[in-house]
Amino acid sequence: MVNKKKDETSQTHYSVPPYRQSFVQVADELNTNVETGLTVVEAERRLSEYGQNKLDGESGVSLMKVIARQCTNAMGLVLVLAMALSYGVNDYVEGGVITAVIVLNIVVGVVQEYRAEQTIDSLRSLLSPTAAVVRDGVVDHIPSLNVVPGDVVVINTGDVLPADVRLIETMNFETDEALLTGESLPVLKDHAIAFADEVGVGDRINLAYSSSTVTKGRARGVVVATGMATEIGRIAASLAGKKRKSGRSMNARKYGPLQLVRGFSLRLWDAIGSFLGLTVGTPLQRKLALLAYFLLCFACLLALIVFAVNNFNASHEVAIYAISLGIAIIPESLIAVLTITMAVGMRRMVARRVLVRKLDALEALGGVTNICSDKTGTLTQGKMLTRKAWIPGVGVYSLTESRSSVDPTSGNVELVPYTPPYLENDKEDDMSPIAVSSTAEFTPSGFDETMAGTNSMIVNPSLPEVTNDLAAFLEACALCNIATIRFDNDKSQWIATGDPTEIALQVFAHRFSYGKKSLIERGWSQQAEYPFDSDVKRMSVIFEGPLAEKSANRGEVIVFTKGAVERVLDLCTGIGMGSNYEVMSEGKRAEIMSVVTDLAGQGLRVLAIARRVEQNPKPSYLDYTRDLVEKELTLLGLAGIYDPPRLETKGAVMQCVAAGIKVHMLTGDHPGTAQTIAREVGIIPRNSDDLPPRVANTLVMTASQFDALTDEEIDKLETLPRVIARCAPNTKVRMIEALHRRSAYAAMTGDGVNDSPSLKMADVGIAMGMGGSDVAKSASDLVLTDDNFASIVSAVEEGRRMFENIQKFILHLLASNVAEVLLLVVGLAFKDDSGLSVFPLAPLQILWINMITSPGPAFGLSLEPASNDIMKRPPRDNKKGIFSWEIVADTLVCGCIMGACCLMSFTVIVYGHGNGELGENCNTEYNDSCDVVFRARAAMFAQLTWLILISAWEFKSLRRSMFRLNADDKSTFPFFKDMYRNKFLFFSVLIGALSVFLVIHIPTLNTDVFKMKAITWEWSLLAVVMVIFICGVEAWKFIKRKTGWFAQHQVMSETDLMLA
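Every value quoted in this text rests on a predicted model; they were computed, and no experiment measured them.

1. Things to note about the pairing of strand β1 (residues 130-135)
In terms of burial, β1 is largely enclosed, as five of its six residues are buried. With six bridges joining them, β1 and strand β2 (residues 138-143) adopt antiparallel strand pairing. Paired with R135 across the two strands is V138, which belongs to β2. Here β1 folds back onto β2 in antiparallel fashion, the turn holding two residues, of which D136 has a positive phi close to 55°. Inspection of the sheet shows β1 paired to strand β3 (residues 152-156) by three bridges, in the antiparallel sense. Note that in β3 the partner of V133 across the bridge is V153.

2. Quick word on the nonpolar core
Ranked by internal contacts, the top residues of the largest apolar core, which has 155 residues, are I683, F789 and F809. In terms of residue count, helix α28 (residues 789-826) provides more of this core than any other element does, 19 residues in total. Discounting chain neighbours no more than four positions away, the residues touching F789 are I371, S373, T378, L379, A652, V653, C656 and V663. Of all hydrophobic cores here, the second largest spans 37 residues; its members include M384, Y397, A509 and I558.

3. Comments concerning the pattern of salt bridges
Summed over the entire model, instances satisfying the criterion amount to 41 salt bridges. K588 serves as the salt-bridge partner of E591, at 3.4 Å between the closest nitrogen and oxygen. Separated by three residues within a single helix, E591 and K588 lie in helix α18 (residues 586-601), roughly one turn from each other. Close ionic contact of R605 with D669 constitutes a salt bridge, the shortest N to O distance being 2.6 Å. Highlighted residues: R605 in strand β20 (residues 604-613) and D669 in the loop between β22 (662-666) and α21 (671-681), separated in sequence by 64 residues. A residue is classified by how much of its surface remains accessible, and R605, at 19% relative accessible area, is buried. The exposure class assigned to D669 is buried, which follows from its relative accessible area of 2%.

4. Topic: a nonpolar patch on the surface
A cluster of nonpolar side chains, F883, W885, V888, L892, F1038, I1039, W1045 and F1046, forms an exposed patch at the surface whose accessible area comes to about 790 Å². Those elements giving two or more residues to the nonpolar patch turn out to be α31 (885-913) and α36 (1018-1043). For the nonpolar patch, the element with the highest residue contribution is α31, accounting for three residues.

5. A short note on the state of the cysteines
Enumeration over the complete set of coordinates arrives at one disulfide. Here C922 engages in a disulfide with C930; their sulfurs sit 2.0 Å apart. Here C922 and C930 share a disulfide; its torsion about the S-S bond, -95°, makes the bridge left-handed. Like C930, C922 is buried.

6. Some words on the side chain of E29
Considering the arrangement of structural elements, one finds E29 in helix α1 (residues 23-29). As a buried residue without a salt bridge, E29 has its nearest oppositely charged side chain in R166, at a separation of 11 Å. Only 2.5 Å separates the side chain of E29 from the side chain of S15, close enough to count as a polar contact.

7. Comments concerning the sheet that holds strand β27 (residues 782-784)
A sheet is described by the order of its strands in space; here eight strands give the open sequence β8-β27-β26-β25-β9-β22-β24-β23, paired in mixed fashion. Among the strands making up the open sheet, the edge pair consists of β8 (354-356) and β23 (700-702). Neighbour-to-neighbour, the strand axes of this sheet turn through a mean angle of 20°, independent of strand direction. Packed on one face of the sheet, α21 meets β22, β23 and β24 (723-725) and runs near 155° to β24.

8. Some remarks on the pairing of strand β17 (residues 557-564)
Among the eight residues in β17, eight count as buried, and that is most of the element. Alignment of β17 against β20, held across seven bridges, turns out to be antiparallel. Along β20, the bridge assignment pairs T561 with A610.

9. What to know about the confidence of the model for the protein
Residues of the protein with pLDDT of at least 70 account for 88%, and the chain-wide mean is 84. Throughout residues 1-9 the model reports pLDDT below 50, and contacts reaching past four residues in sequence, or to other chains, amount to 23 contacts. In this model, residues 422-459 is a region of pLDDT below 50 whose contacts with residues beyond four sequence positions or in other chains number 95 contacts.

10. Quick word on the packing of aromatic side chains
Counting across every chain of the model gives 26 aromatic pairs. For the ring pair W1036 and W1045, a centre distance of 6.1 Å and an interplane angle of 55° mean the geometry is tilted. W1036 gets classed as buried once you look at its relative accessible area, which sits at 12%. Taking relative accessible area as the criterion, W1045 reaches 42% and is therefore assigned partly exposed.

Definitions and limits used
- Residues numbered from 1 in each chain as written.
- Predicted model: local features only at pLDDT ≥ 70, side-chain atom pairs only at ≥ 80, totals over all residues.
- Heavy atoms only, no water.
- Buried < 20%, exposed > 50% of the residue type's maximum accessible area, 1.4 Å probe, protein only.
- Helix = DSSP H or I, 4+ residues; strand = E, 2+ residues; numbered from the N terminus.
- Pairing = 2+ DSSP bridges.
- Core = buried A, V, L, I, M, F, W, Y, C linked by side-chain atoms within 4.5 Å.
- Contact = heavy atoms within 4.5 Å.
- Salt bridge = Lys/Arg side-chain N within 4 Å of Asp/Glu carboxyl O.
- Patch = residues over 30% accessible without salt bridge, like charges linked within 9 Å, V, L, I, M, F, W, Y side chains within 5 Å.
- Areas by Shrake-Rupley, 256 points an atom, 1.4 Å probe, with all protein chains shown as cover.
- Disulfide = S-S within 2.5 Å.
- Lys, Arg positive; Asp, Glu negative; His and termini not counted.
- Polar contact = N/O pair within 3.5 Å; in protein donor to acceptor, adjacent residues only side chain to side chain.
- Axes fitted to C-alpha atoms, helices over the stretch in contact; angles between N-to-C directions.
- pLDDT = per-residue confidence, 0-100.
- Phe/Tyr/Trp six-rings, centres within 6.5 Å; stacked < 30°, edge-to-face > 60°.

Structure representation (structure tokens):
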């Protein structure tokens, strides 16, 4: 049993260290089953006992850092100055109110930002490397955080070890342990060894360590330590320090006498920049932080102007007016709203099955112009069936009427003679994508439930006879394969684990009772394995035959190989078995390729199956490279695997076309297969006869054709290939480079270790969450949890929505700041009899307006749903960023209209109704001479509040009228429906507008605190001016629509238009 120890670096007590025991002994001590793993209940219990599998200091949002950020933002600094000045001149009422505002701002800001940071942190935990664990006999992919001692883990090439593992089974298994031991070369592991004595960490080859990367092979193992109890955890505990950035050393002896000054300067900048938010966060967050401090400096300049206009009379009133300008110009809620928007965006992405690894990707998605996608499992369902098996000299074994991709008893197999061109009424059989299921939730007829699924013989009298040719083909399909299938008696269904392609081959072999497990039970034993490599596009294994086939002292040793047809044919010297055997020739090769083209034309993925009998078997094949093994093969046949397109793929591709995004398919499949699927989902036209030959000939290319072109030749192509077949990792890199040379903004999908370079090079790297390696995930920006192309399109749509909404709330905040600054600057001209400027707005009025009109509506705008035409517009130019010319123009125009409308109200009341009476000493207290000023100030307060709030509704669309946001809506007057659609924004505006009446009409509060007075007839003036403001903004939008100013235009070539 597992006993928890007090020492925090040790979780379990072993009688002997795991590397000195056999894996069976270790499993016994951990009370786990090496075949079925832990139960789910036991795993949950151990998780609560041992805690999450993470290193100390990995998690957590620092509350103190959030508080520090809120206390040191530009708005906070201005308010502190205002508070100090108020107390300094004994104005305790104003000072007390400002103090309360500061505290309220900090509390609200801390709560909002802390919750947002916690949300982001919790979503990041979903991005931790995943682990394939066996629980209750089923392989499940869980976050590595939830791995516990005793878990049985399945490890493959490209995975990152989730914990320290005692290996149970290995096959050519090597790991990179440079992070732990400093050893630069991968270490070959051997599960069978148990050391008698103590050995160093680097020599324990029966263990695999947490955080090391699998460079080759596959393995299974039982977890012996997690978190800080792992070897990497012990190193982390001993270091327990923080790495410094390069160049920050202050070692003058090592780096020269100037290093002391340079290192100190850089450290000081790091501290200040981090404290102020200028060197941390995403590029957008840093830009907005810089904007806030730029506005702070501008506020200081305006303060100087105020003092200059008042002859540098540093009286209390003048100083407060200068502070008011500072308060007015700074959008205090900008950073907080952006943080919350990012958190909400990440949460919405998760709901759309996309995990965001890097926040930069959220900002970049809206500008994607090209998507380079894999086919298998992304554009297609990844639920594969071996529908055709061509055996030389025999014919084609054809599967029909199968309704499950993993049930070997479902469907009928018939042998059909092959006479090129092969024509069969495939459209008649029920093989639509809808009919293909990954599980069979019924008990197959003739199946004895008392027997284990893979050990039983599947008896189907309707199956064709298993000839020697077919038997050899089935043996190769089953043995050159690491997928497993079994029948679960409890669930009454077939369960498969492994790669979908290998599952399809394994299921086909099971139909004839030639499953891998049954063959091993008959005496086949594995000698070596050469896993699938995306560079050579094939996999090979070496097996020794059963006792019945032994000759001399050894069984017959056979090399089995499967892979891409061209890559396997290059290694074949013969074709067929027994009487059907023929020497490979150019004629035979051409005949085989015609069959491949025929099968691929039916949308089938074609694999070649081959073998070679070793004439001189070696004692061991561990030191033999694959080029010594994969040679002089005999082709056994071709497997045609059906992988139906996802039902939603075509619609997603059409969305991309409408959005001006070009979709490219980069696949390892045969050109014919790739072309058929591409036509079916709309990546290329169904009929290319209308296209010019120079375009039609480059729509579909093989990797060898594309790689043979120089960069200059690629750049001369009118359009880059929409389909690249037999694609290698290097081809993906060249494709990204070619797109970048055309100033495209590209997204690239990938799942393998070798895809990492292209994922890193792409503007948005997208890894597969279900079938992707940890190395690929760590190199990516996004991870798809369902490996679905439609999720990429959803992510692009969400990225566009979020970017537009950020622009909307920035426009809302900055336009109101422009209006406030305009009011206060022009207000310098309103001077009383003593020569002092009269405040159009009191400082506390500005504070109140900013609190009511900024955070709520701005956050409401960030929640705006995507507009109906968001995926009908071309991608935005990422080089322009958030502050496009349209945003700058809208900020100035709308801000000036707003400020002019407020000044109109103030002027009409003071000079029209009040005969220009500005009173005396009206900035500090109420007296009879201040009646007109206080009433005008109240009207200005209400007017500005309402205009800022109504502008939030106006900015729901930067170009469409507020009264008809959706051009397709045929309703007579959809205004209220459109406004109520965003309930948070609706009620933020409504509550803010109603709050004005309370503040203006509460006695004492209005005169003593806010320096205004209740109004009567002025309300009608405010209504008229508000109509003028709405007409002004609507006129500006109308001008933009009619003139096409700032409209997004996509320059498309004639070729692109034809393809679209």
